[in-house]
Amino acid sequence: MSETHTATISVLVENSPGVLVRVAGLIRRRGVNIHSLSVGPTENPAVSRMTIVVDTPPDRTEQFAKQLRKLVEVRRATSIDGAATVDRELALIKVNATPGTRMEIMEIANVFRANVVDLTDRTMTLEVTGKGEKVDAILSLLSKHGIREVARTGQVTLVRGPQAT
Amino acid sequence: MARQIEPPSTKRASRAKTMTGAQVLVEALRREGVEVLFGHPGGASLPIYDALYDARDVRHILVRHEQVAAHAAVGFARASGKVGVCTATSGPGATNLVTGITDAMMDSVPVVAITGQVPRPVIGNDAFQEADVTGVTMPITKWNHLVMDVGDVAPSVQRAFYLARTGRPGPVLVDIPRDVSQESCTPEFLEGVPVPEYHPALDGTPKQITAAVEMLAAAERPVIYAGGGIISAEASVELTALAERTRIPVTLTLMGKGAMDETDPLCLGMLGMHGSVFANYAVNEADVILAVGARFDDRVTGRLRDFAPKARFIHIDIDPAEIGKNKPAHVPIVGDAKRVLGALAAQARAPKIDGWWAQIEEWRQRYPFRYRQRDGAISAQYVCEQINRLTGGSAIVATDVGQHQMWMAQWYRPRGPRSFISSGGLGTMGFGFPAAMGAKFACPDRQVIAVVGDGGFQMTMQDLITAVVHRMALPIIILNNGALGMVRQWQTFFYHDRRSASILRNPDFARIAEAFGARGIRVERPEQVDAALTMALAVEDGPVVVDILCDPEENCLPMIPSGQSVAEMIIDE
Ligand SMILES: Cc1ncc(C[n+]2csc(CCOP(=O)(O)OP(=O)(O)O)c2C)c(N)n1
Ligand SMILES: [Mg+2]
């Protein structure tokens, strides 16, 4: 295997049964790992957007997009490597928090503009939004308190400016 | 997720009287111009078969194994250019189609498979003869669909045929639960294009075509590398026109055989693993290669890095995903081969390549295909050469997979397209005889011949009875080398001749033929070959099995071993 990197592919698909399996199957068949995948409706109820981050050799990304375009249910597939983009991910982080450590955790949360969405006498749950690296960074700062659970949405991406993704 | 929303530009039209889902299916097939389909019934497809019972104009051919139905549909499609249709019941019937559907996928053949499914209420419950057929066939179809609403039968079939035959053709499967087939409805057929969001690019951009014209005109050692896409696109006339106008030599892939008249001196025949030495040398030395309707398959290129190392590529294909997939294209042209080659042929200027031709002719003289004839033994290549001579290259030949396939590819020189039908991408043993039957149904007035190996024939020979029932004039030539010859050859070359599981003890094929009610001839000596072939080609009222005992030690050469390059080609000198 040649060197790999993560690439982002944005895919507009028909909102119909089996599309997710088709897209995932096409990637699986090539032995490529899906780093993250997020799906949700778009401005058009008939169409969903998938943002897929895959570990792939750089020269294979465009080939992926081309193969995805061949699926009848795929309306558009763009490899958005290199384009100027807005990338966001949301994470929920449940961390150990005693009355003694709460303030320190709140400080970290402030720096990362994370919200406290749940609090008990032993835990605190934070909601943080940002690029993947930002989420990674807050996770590493919180780790010394003991992270109990994490749920991440995976990255969603749009190209900046008037141009379509 | 929500049900698929109807594409806006597609109107529902043509209201008719009440029909069952199965009757709608048959009516939809009729509207698509289907005259024959190949299949085998079962519980889940009983309603479909009941509807077929009344359909005089949609002829059902009963096969004895569903794999044969799929291969026959492929043979039908490849001989005629129309969509081939096969059908099977749920579960085991449908899974028996899988090999044939995969074959169609790999070779881009337009096929529609209709399968019965268990009734909707029990789908997902491991019901009797339930298999998740749309799940199973997802990676081996261009599109597939489980019909969950009787109103969806007609549009699904319309979409299936449209998708199978447009763009890069391929197989499509429609899975219909039994209760959907039984339910009544007032059918509504779509008008206009049934899949408006699917629109393959057809014309290359003028800028790229101009770039290709210039690159070809300036070339010193150009070669055209033409594949099966020429045949799918019916672009033989345009290919020939371009070759004649520019005098650029043409080499063909296995799938491209017959894309131009192979007796034309401009044609170098097949390239690749078992292609001619001169075709491979030409590609190896070429400075410009025009690849069209071809996909740089590893059986053509060998080690990619060393394939055509001096060349810049112009690559024309209807499928954008093929361009640059294996080799970078300097001039990529996405489009239909017929249209793009037509434009190229109109604008092309001939390069100055007399010296290049002199070189090619020297190779052609020096390295023709050749074979040895050992005393008293029949060489398989001799038989292939005789088939070519007796038919003048004007018959449709369907082959199975193995040495005999490559020998036929080397020796049979079709005069035009849709005359050489062979399993290319998948290399499916058992394909040849059923594909020949499909071709004969498509072209009853043409001579059709099956050339098969003793191994592969045994994978589908039960359907001899189908050929007998339909009194098909179909010679089946078995090049019987008592071996899985191609496997034995690889063992000889690469595994110290350790013949593990490659030697066959065979039944008496001529007597088997007779037991089926067909004619059978056994040929044991070289001097019997001609008469036997002549006789078999002349029979008009049924299949003839010609069992020809061939030299078991013969190897298929030349050969570029897998993953190697022209430099490592094994040549018989
Ligand atoms: C279904 C299937 N199984 C196995 C193979 C592997 N295979 C390729 S060629 C070959 C030998 C074919 O033997 P035969 O039909 O006698 O033809 P020959 O090579 O002897 O001409 C085999 C086993 C295959 N191509 N297809
Ligand atoms: Mg054999």
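Residues numbered from 1 in each chain as written. Chains lettered and ligands numbered in written order. Predicted model: local features only at pLDDT ≥ 70, side-chain atom pairs only at ≥ 80, totals over all residues. Heavy atoms only, no water.

Digging into the domain arrangement of chain A
All names here are of chain A. The following threshold applies: Here the limits of each domain have been adopted from an automatic or database domain assignment. The criterion used for residue contact is that any of the two residues' heavy atoms lie within 4.5 Å. Buried area is calculated as the accessible area (1.4 Å probe) missing from two parts once they are joined, with the contributions of both summed. A pairing counts as a salt bridge when a side-chain nitrogen of Lys or Arg comes within 4 Å of a carboxyl oxygen of Asp or Glu. What qualifies as a polar contact is a pair of N or O atoms within 3.5 Å, subject to a donor-acceptor requirement within protein and to the restriction that residues adjacent in sequence count only when both atoms come from side chains. Helix and strand assignments come from DSSP, with helices taken as H or I runs of at least 4 residues and strands as E runs of at least 2, each series counted from the N terminus. Here the term charged refers only to Asp, Glu, Lys and Arg, the term nonpolar to Ala, Val, Leu, Ile, Met, Phe, Trp, Tyr, Cys and Pro, and the term polar to all other amino acids, Gly among them.
Examined at the domain level, chain A breaks down into domain 1 (5-82) and domain 2 (86-157). Computed over C-alpha atoms, the centres of domain 1 and domain 2 are 29 Å apart. Listed by partner, the interface residues are 8 residues for domain 1 and 5 residues for domain 2. Surface buried jointly by domain 1 and domain 2 totals about 450 Å² across both partners, of which 51% is contributed by carbon and sulfur atoms. Per-residue buried area on domain 1 facing domain 2 is highest for Ser36, Ser38 and Thr51; these three make up 58% of the total on that side. At the boundary of domain 1 with domain 2, the tally comes to 0 salt bridges. On the surface where domain 1 and domain 2 come into contact, there are 2 residue pairs in polar contact (both at pLDDT 80 or more). Listed by contribution, the elements that provide at least two residues to the side of domain 1 that touches domain 2 are β2 (34-41) and β3 (47-56). In terms of residue class, the side of domain 1 that touches domain 2 is built from 3 nonpolar, 4 polar and 1 charged.

Looking at the environment of Ala513 of chain B
Residues and elements named next belong to chain B. Inspection of the secondary structure puts Ala513 in helix α22 (residues 509-516). As for Ala513 and Met255, which are separated by 258 residues in sequence, their C-alpha atoms are 30 Å apart. Apart from residues lying up to four places away in sequence, Ala513 is in contact with Leu464, Ala518, Arg519, Gly520 and Val545.

Here's the deal with the pattern of salt bridges
Residue and element names in this part refer to chain B. The cut-off we apply is this: Any residue under 20% of the maximum accessible area for its type is buried, any over 50% is exposed, and the rest in between are partly exposed; the area is computed with a 1.4 Å probe on protein chains only.
As enumerated under the stated definition, the model contains 41 salt bridges over all chains in all. Asp57 serves as the salt-bridge partner of Arg30, at 2.7 Å between the closest nitrogen and oxygen. Taken together, the residues span a long stretch of sequence, with Arg30 in helix α1 (residues 21-31) and Asp57 in the loop between α2 (46-53) and β4 (59-62) at a distance of 27 residues. You can call Asp57 partly exposed: its relative accessible area is 39%. In this structure, the salt-bridge partner of Glu527 is Arg525, at a minimum N-O distance of 2.8 Å. On the accessibility criterion, Arg525 (42% relative accessible area) is partly exposed.

Remarks on the packing of helix α16 (residues 380-391) of chain B against helix α17 (residues 403-411) of chain B
Residues and elements named next belong to chain B. As a reminder of what qualifies: Every angle, taken between N-to-C directions, lies between 0 and 180 degrees, and every axis is a line fitted to C-alpha atoms, over only the stretch in contact when it is a helix. Roughly parallel covers angles under 35 degrees, roughly antiparallel covers those over 145, roughly perpendicular covers 65 to 115, and oblique covers all other angles. Whether a crossing is left-handed or right-handed is set by the direction in which the near helix is turned from the far one by less than a right angle, anticlockwise for left-handed and clockwise for right-handed.
Running from N to C, α16 and α17 cross one another at 45°; their axes reach a closest spacing of 9 Å. In terms of orientation, α16 and α17 fall into the oblique class. Crossing handedness for the pair α16 and α17: right-handed. Two secondary-structure elements touch here, α16 through Ala380, Gln381, Cys384, Glu385, Ile387 and Asn388 and α17 through Trp407, Met408 and Trp411. Partitioning the contact of α16 with α17 into residue classes produces 6 nonpolar, 2 polar and 1 charged.

Some thoughts on the coordination of the magnesium ion (ligand 2)
Residues and elements named next belong to chain B. In plain terms, the rule: Each metal site is built from N, O and S donor atoms within 2.8 Å (3.2 Å for Na, K and Ca), and since water is not included, such sites may look incomplete.
On the protein side, the magnesium ion (ligand 2) has Asp454 (OD), Asn481 (OD1) and Ala483 (O) as donor atoms, found 2.0 to 2.2 Å from it. Mapped onto the polypeptide sequence, the residues donating to the magnesium ion (ligand 2) form the spacing pattern D-x26-N-x1-A. One end of the pair, Asp454, is in helix α19 (residues 454-460); the other, Ala483, is in the loop between β20 (475-480) and α21 (485-494), and 29 residues separate them in sequence. The exposure class of Ala483 is buried, given its relative accessible area of 5%.

Structural notes on the sheet that holds strand β3 (residues 36-39) of chain B
All names here are of chain B. Applicable threshold: Only strands that DSSP links by at least two bridges are regarded as paired with each other.
The sheet built from 6 strands is open, its strands ordered β4-β3-β5-β6-β8-β7 with parallel pairing. Among the strands making up the open sheet, the edge pair consists of β4 and β7 (143-146). Between one strand axis and the next, the sheet turns by 20° as a mean value, whatever way the strands run.

Examining the site of ligand 1
All names here are of chain B. Heads up, the condition is: Being near a molecule or strand, for a residue, comes down to having at least one heavy atom within 4 Å of it. For every accessible area listed, the method is Shrake-Rupley and the probe measures 1.4 Å; residues are considered covered only by the protein chains on display.
Around ligand 1 sit 17 residues in total, of which Gln403, Gly427, Asp454, Gly456 and Gly485 are the nearest. Between ligand 1 and Gly456 there is a distance of 2.7 Å, counted from an oxygen atom to a backbone nitrogen or oxygen. Gly485 is positioned such that a nitrogen or oxygen atom in its backbone is 2.7 Å from an oxygen atom of ligand 1. In the complex, 76% of the free accessible area of ligand 1, which totals 580 Å², lies under the protein chains. Those elements that provide at least two residues to the shell around ligand 1 are α17, α19 and α21. Considering each element in turn, the shell around ligand 1 owes the most residues, 4 residues, to α19. A breakdown of the residues in the shell around ligand 1 according to their chemical character gives 7 nonpolar, 9 polar and 1 charged.

What about the nonpolar core?
Residue and element names in this part refer to chain B. Applied cut-off: Take the buried Ala, Val, Leu, Ile, Met, Phe, Trp, Tyr and Cys residues and link them wherever side-chain atoms come within 4.5 Å; each set so joined is a nonpolar core.
The biggest cluster of nonpolar side chains holds 64 residues, and the ones touching the most others in it are Ile224, Leu239, Ile289, Leu290, Ile314, Leu341 and Leu344. Not counting chain neighbours up to four residues away, the residues in contact with Ile289 comprise Val223, Tyr225, Val283, Ala308, Ala311, Arg312, Phe313 and Ile314. Of all hydrophobic cores here, the second largest spans 54 residues; its members include Ala113, Ala398, Ala467 and Leu474.

Focus: the interface of chain B and chain A
With 19 residues of chain B at the contact, the number on the chain A side is 17 residues. Overall, the association of chain B and chain A removes approximately 1,600 Å² of surface from exposure, summing both partners, and the carbon and sulfur fraction of that is 58%. Counting across the chain B and chain A interface gives 1 salt bridge. For Lys70 of chain A, the salt bridge is made with Asp319 of chain B, and the minimal N-O distance between the two is 2.6 Å. The interface formed by chain B and chain A holds 6 residue pairs in polar contact (both at pLDDT 80 or more) in total. When the residues that make up the side of chain B that touches chain A are grouped by side-chain class, the tally is 11 nonpolar, 2 polar and 6 charged.

Focus: the sheet that holds strand β22 (residues 544-549) of chain B
All names here are of chain B. With parallel pairing, 6 strands are arranged side by side in an open sheet as β18-β17-β19-β20-β22-β21. A strand with exactly one partner marks an edge of an open sheet, and here the two such strands are β18 (420-421) and β21 (519-523). Pairing of strand β19 (residues 448-453) with β20 involves 4 bridges; the strand directions are parallel. Paired with Gly453 across the strands is Leu479, a residue of β20. Against the sheet, α17 touches β17 (396-399), β18, β19 and β20, its axis set at about 135° to β19. Sitting on the sheet, helix α23 (residues 526-538) touches β19, β20, β21 and β22, and the angle it makes with β21 is about 165°.

Topic: the pairing of β22 of chain B
The side chains of a regular strand alternate between the sheet's two faces. All names here are of chain B. Condition: We call a crossover right-handed when, viewed with both strands directed away from the observer, the connection leading from the first strand over the helix to the second proceeds clockwise.
Counting buried residues along β22, 5 of its 6 residues qualify, which places the element largely inside the surrounding structure. Judged from the 6 bridges that link them, β20 and β22 form a sheet pairing that is parallel. From the neighbouring strand, Ile476 faces β22, where its bridge partner is Val545. Relative to β22, β21 runs parallel, the two being bridged by 5 bridges. Paired with Val523 across the strands is Ile548, a residue of β22. For the segment spanning β21, α23 and β22, crossover handedness is right-handed.

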